[in-house]
Amino acid sequence: MTADRIKKGEYAQIEGLEPSEFAVYLMEMGFMPGKRIRMLHQAPLAGPIAFKLENSIIALRKSEARAIRVFLEH
Amino acid sequence: MLEVTAPVKTTAFTVALIGNPNVGKTTIFNRLTGLRQKVGNYAGVTVDKRSGKVQYIPEKVTLVDLPGTYSIHPNTENEIIVHRVLNGLDKQSKPDYVLAILDMSNLERGLFLVTQVMDLGLPMAVILNMEDTAKSQGFVVKTHQLYKALGVPLIETNARSDKGMEQIEGLISQQLFETPKPFLARDEFNPPTQREEIQQRYEKIREILEHSVEQKDLKTKALTDRLDKIFLHKTWGYLFFLSILLLIFQAIYAWSTVPMDLIDGFFAALSGWVYQLLPPGVLTDLITEGIIPGIGGILIFIPQIALLFGFLAILEDSGYMSRVVFLMDRLMRPFGLNGKSMVPLISSVACAIPGIMAARNIGNWKDRITTIMVAPLMSCSARLPVYVILIGLAVPDENLGPFNLQAIALLGMYLLGVVAVLLVSLAFKWILKTTEKSYLMLEMPLYRLPRLKDILIAMYSKSRTFVLAAGKIILAISVVLWVLASYGPPSRLEAAINNLEAPDANAGPEEIAAYESLVASAELESSYIGIMGKFIEPVIKPLGYDWKIGIALITSFAAREVFVSTIATLYSVGADVEDELTIKQKLDQEINPVTGEKVFNIPTSFSLIVFYAFAMQCMSTLAIVYRETNGWKWPLIQTAYMTALAYVSAWAVFQLLS
């Protein structure tokens, strides 16, 4: 699945990045395979999603989050 | 390990500050330079270029604050700047040394940027900032291990409490920078793709960090998490944002009135004083009626601009602004705007000038241009005096239930501005073409208490930029307007004055004052600008305006509020031009000699209100748009579309109502 489908409060591990124009930016910001992310908040009407990555909070639009492939942690 | 020490410079040298966004770069820059800083533009783009001389160091050291980026790979406008400066493509700003700043609690991502700089082979040093946050989150950094791995000097600091600032000053003044070995070995024959390079770089950084950083789990629930539960809440978040907005506007209006009145009074007094001092003549008139009021007209905006920038700096420095972007992004996107357009649009309710300046934070070209184009449609404070007078003429002072009709009309004008912003943005969304994809990718920093000193520096430097940039152009146009309003063909002027009946020798002061205001009115009527007013009369007649209103439209091109004083002079209300009630009563009595109806009847008044809501009547805004977009193209497009919008809407309103 992709990161836009993680539910609030859930943790997931990044599997890889879909080839897209966002991939390089996302990697530079630290969305690297193997990293653990947590979904913190989503703005109303399918707005941006805030993720906890390492020690920072990064908000991505849904289209950007869709470029991140993840495994859900249980 | 091979250590290369950079040769010590004996002449002036430049140090570039580089780092991720929100690592305290600006705080360090402010600590080191104080008020000795300049804000300018990089050639060709509008990214702030901040540079300053370092305090307490006698040598000539220039510090350049590069924009915060995650990478120096040139993709975004900010990254292009950093790339150009560090590679010496921007000749004047090639730094001698690089000071890279890391957030100690976010080393991995910070080192990604730092190791890219290492590959460039510039002498550098690394600052580990935000030591307090890192400690409170359980990070332990073995500085010596990290130093061995990177091979450049490291300093631990906490810029907000001034910790480590002396070491940075010492490092700079003794030029203890070192040239690192390239971090990633270059394979010239088979260069990796950008993705591969990112991967390799992160792998190598992780290896280093495994040996040099430990994190103990302190199990603390961060303040940021708790605050975000409220500030990003689907209901409370928006309510809180709305209350903050109301609070800011309230404060700006309440606090800026007194200084604005003082500035106004000061320049009026200065004009009077200079008038007394200098011998009468054309030059004195130009100074007292053209130049001094022109400068005053610029400086009067300073209290609002400084306050607004102060509040914006508080929102920015506290970390709240990125939450606003988060909340509003989805709501703005259907209109071709961006969450980051919120700050410029909000600011524009006070004044479009700081609003347009704030659009710099929008990284995406199309979103930024759209925001700049629509910002002046927000109802700014200069429209207020015009609205007050015209609504007073057109809307009865009666109550509808608990609400005053005039107050509702005024509120309606603010809403009209917002609606216009959204609709025009929509139009630009279809018209503007770009290959650049709109993206958000916004880091939301931890909440922090803003520092008073940083806020004062922001207020000072932004106001200064405004005065210097907009000032020159406003001054020039004010002088031109003054000349046009003060001179006319002499024969015409003489004829106009001769037509007036001069008061006899024993006339009282009131009669003389009345005569003088009639003369002033006649002079304006036969001046070049009066002729222009008559000339454009056929064009504005369908909107319900006569040539006198035409003059007001022309003179208030300088600034909207000039409408009030022009109308006051034209209808010779007398000396007390500030008294809005008197003007209103006079306008109400004005009768059109041809039709015998009131000039300011309801259709004309509403038509004028709508015209002023949409027309680009502010030289200062034009000057700023020119500066921010590096050319006349966008200010001209803006003027053209706003004039067209104003004309068509005013025409429609007039035709509908009459």
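In this text, all values refer to a predicted model and were calculated from it rather than measured experimentally. (Residues numbered from 1 in each chain as written. Chains lettered and ligands numbered in written order. Predicted model: local features only at pLDDT ≥ 70, side-chain atom pairs only at ≥ 80, totals over all residues. Heavy atoms only, no water.)

A.B. asks: Run through the side chain of Thr639 of chain B, naming residues and quoting values.
C.D. replies: Residue placement: Thr639 of chain B occurs in helix H27 (residues 633-657). Those residues in contact with Thr639 of chain B that lie beyond four places of it in its chain are Met616 and Leu622 of chain B. (Helix = DSSP H or I, 4+ residues; strand = E, 2+ residues; numbered from the N terminus. Contact = heavy atoms within 4.5 Å.)

A.B. asks: Can you lay out the pairing of strand S1 (residues 11-17) of chain A for me, pointing to particular residues and giving the numbers?
C.D. replies: Residue and element names in this part refer to chain A. Here S1 runs beside strand S2 (residues 36-42); their pairing, made up of three bridges, is antiparallel. Following the sheet pairing, Gln13 is matched in S2 by Arg36. Strand direction decides the pairing type here: S1 and strand S5 (residues 68-72), joined by five bridges, are antiparallel. By the bridge assignment for S5, Gln13 is matched with Phe71. (Pairing = 2+ DSSP bridges.)

A.B. asks: Tell me about the nonpolar core, residues and numbers included.
C.D. replies: Formed by 106 residues in total, the largest nonpolar core has its most connected members in Leu377, Tyr545, Phe563, Phe600, Leu608 and Phe611 of chain B. Within the second largest apolar cluster, 67 residues are counted, among which are Ala23 of chain A together with Leu111, Phe112 and Val114 of chain B. (Core = buried A, V, L, I, M, F, W, Y, C linked by side-chain atoms within 4.5 Å. Buried < 20%, exposed > 50% of the residue type's maximum accessible area, 1.4 Å probe, protein only.)

A.B. asks: Summarise helix H20 (residues 509-525) of chain B; cite the residues concerned and give the values.
C.D. replies: Between its first and last C-alpha atoms H20 of chain B spans 24 Å; for 17 residues at 1.5 Å apiece the expected length is 24 Å, and the two agree. All of the buried residues in H20 of chain B are Tyr515, Ser517, Val519, Ser521, Ala522 and Leu524 of chain B. (Expected span 1.5 Å × (residues − 1).)

A.B. asks: I'd like a description of the pattern of salt bridges, backed by residues and values.
C.D. replies: Residues and elements named next belong to chain B. Applying the stated criterion to the full structure yields 20 salt bridges over all chains. Linking Arg31 and Asp162 is a salt bridge whose minimum nitrogen-to-oxygen distance equals 2.9 Å. Residue Arg31 is located in helix H1 (residues 25-33), and its partner Asp162 is located in the loop between strand S9 (154-156) and helix H6 (165-173); the two are separated by 131 residues in the primary sequence. Among the residues examined, Asp162 registers a relative accessible area of 41% and is labelled partly exposed. The partner of Asp228 in a salt bridge is Arg323, and the shortest N-O contact between them spans 2.9 Å. (Salt bridge = Lys/Arg side-chain N within 4 Å of Asp/Glu carboxyl O.)

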